[in-house]
Amino acid sequence: TRSFTDPSVSMDLLRAVLQPSINEEIRGVFNKYMKFFQTAAINVRDNVGEEVDPEQLIQETCRSCLEQAKLLFSDGKKVVPRLPHEQAGTKRARQMDEELSRRGSPVPKKRKGRPPGQSLANDRGVSGVAAWKLKVSEPVRRDGPKWDPSRLTETTTFVLGSRANKALGMGGTRGRLYIKHPHLFKYAADPQDKHWLAEQQHMRATGGKMAYLLIEEDIRDLAASEDYRDSVDLRLEELKPFIPPAWMTEKMQRHMETLRRGGDAPPPEDPPE
């Protein structure tokens, strides 16, 4: 048992009182830079493929930022280890400085100026980004009637994620729908599912391309919300809903139940050709 006269206990009590306010201010800092994280994560997905989860990339980046911020309060003994690519970048920069010094060339100095996030604070465009900003440290809620597996029946209609993006006016940015609405249920089709989808001409028979299925009702509910109902880019005719076979619906029920209980099913992988 530790006494309340213990300095560390007293300071921790103060920290506990201030922690909610600190968390809120930290979230505000991240929101300043969230536009850059979101754009970069979506670009990665466009370049690498739909198997990349932009939301996960953003969360990992935010966590990495917090880890590196600990260096600001390092006592010189406990140092946060750098990531491998950061170590390589630091080594290359040091080698370049040494090479420039040997040649007698002046080492370029870093320009000082406002961080990019500060200029965004007064940008009216940020209000649009704020509507789909990542809630740091807030887990995605997977409860309520929309996450009840019994809602998936033999008559439930589904749509492809790519078509849902187009229908809601986000066709030019793959994956944006999943970042903006992480609460949506989405199911990653496995090779067997994609074979059926290709046979029924719902999608092209492509090799390793990811295909997500979403519930048509969820997308139409979004379309009727304030965020979309007055949008000139709304194209609900792009949805092209379909009813999957019973065996596929059963797999989606199991997937929904796994996610609802806090599990995270790994993305399916196509067998090598």
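Procedures and definitions
- Residues numbered from 1 in each chain as written.
- Predicted model: local features only at pLDDT ≥ 70, side-chain atom pairs only at ≥ 80, totals over all residues.
- Heavy atoms only, no water.
- Helix = DSSP H or I, 4+ residues; strand = E, 2+ residues; numbered from the N terminus.
- Expected span 1.5 Å × (residues − 1).
- Buried < 20%, exposed > 50% of the residue type's maximum accessible area, 1.4 Å probe, protein only.
- Contact = heavy atoms within 4.5 Å.
- Phe/Tyr/Trp six-rings, centres within 6.5 Å; stacked < 30°, edge-to-face > 60°.
- Lys NZ or Arg CZ within 6 Å of the ring centre and 35° of its normal.

Helix length check: helix α10 (residues 246-260) (15 residues) gives 21 Å between terminal C-alpha atoms against 21 Å at 1.5 Å per residue, within 8%. Buried residues of α10: Met 248, Thr 249, Lys 251, Met 252, His 255, Met 256, Glu 257 and Leu 259, and no others. If you follow the buried residues of α10, they end up packed against β1 (158-160), β2 (186-188), α8 (191-199) and β3 (212-215). Positive phi shows up at Gly 262, right after α10, with a value of about 100°.

Attention shifts here to the packing of aromatic side chains. Throughout the structure, instances matching the rule amount to three aromatic pairs. With 6.1 Å between their ring centres and 50° between their planes, Trp 196 and Phe 242 make a pair best called tilted. Here Phe 242 lies in the loop between α9 (216-223) and α10 and Trp 196 lies in helix α8, a separation of 46 residues in the sequence. Judged on exposure class, the residue Trp 196 and its partner Phe 242 are both buried. Over the ring of Tyr 212 we find Lys 186, and its NZ or CZ is 5.6 Å from the ring centre.

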